[in-house]
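Single-letter residue listing:
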Amino acid sequence: MIKYSAAASSLSPSATLELSARAKALAAEGRDIIALSAGQPDFPTPAPIVQAALDAIAAGKTGYTASTGIPELKRAVATSWSARRGLEWSPSEVIVSCGAKHSLANLIAAAVSPGEKVLLPRPYWVSYPEMVKASGGVPVFTGGELDADEIIRAASEGAVGVLLNYPSNPAGTVPSASEMKDIAEAVASTNMWVISDDIYEDLSYLDGSVPHILDFRPDIADRTVVVSGVSKTYAMTGWRIGFALGPKEWVRLSGLIQAHSTSNPCSISQWAALAAVQGAAENERLGMLDSFSERRDICYNLLSEIDGLETVKPDGAFYVFPRLLSDPDRLDTQRFCGELLNTKGVAAVPGSAFGSEGHLRISFAASEENIREGISRLAEFLHGRLRT
Ligand SMILES: Cc1ncc(COP(=O)(O)O)c(C=O)c1O
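Because the structure is a prediction, the values reported are computed rather than measured.

The next subject is the environment of Asn301. Counting through the fold element by element, Asn301 comes out in helix α12 (residues 282-304). In the structure, Asn301 is positioned 28 residues away from Ala273 in sequence and 35 Å away in space, judged by C-alpha atoms.

This is the structure we're talking about:
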C-alpha cells in the first residue's frame, strides 16, 4: 500500500469545479440546467487578443520561454501595475504564471513553512485553505469580515501572513477607504506578510478605484505581493495567464518552484495577454463591464424580492452571496444546492465551500434570460419548501 503525503491527503476537492462538472453532466444528459455557478465571464475573448495569439503562432513563438514569463509581458505588467498603485516594481519583481491561481499557489509555497498559520478572512475563496495546507501550513479564519482586531489577534496567536481578496469571491465585497485604512494600519503594526489577490480589481461597480492596502501603507510593499491577471477582466480564463508583483526574493523563490514544476506559462497565451495588458481590447473590456453592471442590478433586485433570503448588493466581481433565513437546510447548503440542482435544474454554489455556511453563491456571469429564469426557479424552490 502506498502511504500518500499527509499534506496531499488533507486536501478537499474544489466545490465550485465539482458543482460545475455535475451541472454540465446533467445538461449533457438532456436536462434543462441553468448554471448560476460559473466563475468566469460568459463572453468570448475579445478579437484583438485572439488576433495577437494567432500572430504569435504564425510567427513561430511556440517554444519554451523564460520560466517566469516573456520579458515583454513582465515589463508591461510592471509598468501598468506600478502606474496603478503609484509604486515602482521592476520586471524582476514580476512573475507570470499559468493563471492567478498558479501564482498564488507558488507564492504560498514559497512563503509558508510546515506548521505556520495563515489568516484567511471569511468568506474565503475555496482554494486558499487548500493551498496553505498543501504547503503544510495551517489556515486560520476570521469570525466574520476582516477588521483590525482580527488581524492583531491572529498575529498575537502566531499567524505569519494574511490573504486579502477585494472585490471578493464569493461576496463581491469591497471595503470602504476607512475600513481598508484600518486593515492596512493593523497589518503594518505586525510582522505579517500580505498576499493581495486583486484578480477582480477591474470588475468594480463603484465610482473610483477599489481601496487597496498599499494605497494606505506603501511602506509595507516590501512584505506584500499583489496578484492579478487577465482571466476575469478580459474573458481569458482558459488561456491560463496570471501574474504577481512583489518583493524580489519572494518572486525569485516562487519562480524556482515554477521553473521546477510547470516551466513557463503557454507562450501563445503570454503574447495574447501582452495585447490585453497593453490595452488592445479596452472597448471590449468596458462593454463587458457594462453588461456585468446591468446584470448585477437585475440579479440583486430579483434576489432581494425573495422571502427567506437576505441579500447584500455586491460592489464588485460577478457574484451575489445571499443568506438563507429560514430554509430547513440553511445550515447544510451542500445539501440545499444538491436538491436545487436535482429538482429545479439550477446550479448555485454552497456557502460552506467558502467557510460561510448558510449562504449561496449566485453568479451573474450568465445571460439575463438565464439569471431571470434561474432566480425564478430558486424562488419557487424556496417557497415550496417553506410551505411543507
Ligand atoms: C479569488 C480568485 N482568485 C484567483 C482566481 C484564479 O484566477 P485564474 O483563472 O487566473 O487562475 C480566481 C478564479 O476563480 C478567484 O476567484
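With that out of the way, let us pick up the packing of helix α7 (residues 148-156) against helix α8 (residues 177-188). Contact pair α7 / α8: the axes reach a minimum separation of 8 Å and the direction vectors enclose 15°. By the angle between their axes, α7 is roughly parallel relative to α8. Here α7 runs over α8; the crossing is right-handed. Along the contact surface, α7 presents Ala148, Ile151 and Ile152, while α8 presents Asp182, Ile183, Glu185, Ala186 and Val187.

Turning our attention to the domain arrangement of the protein chain. For interface size, the figure often reported is the accessible area lost on association. Taken domain by domain, the protein chain holds domain 1 (6-44 + 283-387) and domain 2 (47-277). Opposite the 32 residues of domain 1 that make contact, domain 2 presents 29 residues. The set of elements that each furnish at least two residues to the side of domain 1 that touches domain 2 consists of α2 (15-28), α12 and β10 (319-320). For the side of domain 1 that touches domain 2, the element with the most residues is α12, which contributes six residues. Its residues assigned to classes, the side of domain 1 that touches domain 2 shows 17 nonpolar, eleven polar and four charged.

Turning our eyes to something else, we now look at the site of the ligand. Around the ligand sit 13 residues, and of these Gly99, Ala100, Lys101, Asn169 and Ser231 come closest. Its residues placed into classes, the shell around the ligand shows three nonpolar, eight polar and two charged.

Glancing now at the sheet that holds strand β13 (residues 349-350). Read from one edge to the other, the open sheet built from three strands follows the order β10-β14-β13, with strand pairing classed as antiparallel. The sheet is open, and its two edges are formed by β10 and β13, each paired on a single side. Here β10 pairs with strand β14 (residues 360-363) via two bridges, running antiparallel. If you follow Val320 over to β14, its bridge partner there is Ile362.

Scoring rules and cut-offs
Residues numbered from 1 in each chain as written. Predicted model: local features only at pLDDT ≥ 70, side-chain atom pairs only at ≥ 80, totals over all residues. Helix = DSSP H or I, 4+ residues; strand = E, 2+ residues; numbered from the N terminus. Axes fitted to C-alpha atoms, helices over the stretch in contact; angles between N-to-C directions. Parallel < 35°, antiparallel > 145°, perpendicular 65-115°, else oblique. Left-handed = near helix turned anticlockwise from the far one by under 90°. Contact = placed C-beta atoms within 7 Å. Domains from an automatic or database assignment. Nonpolar A, V, L, I, M, F, W, Y, C, P; charged D, E, K, R; others polar. Near = placed C-beta within 6 Å. Pairing = 2+ DSSP bridges.

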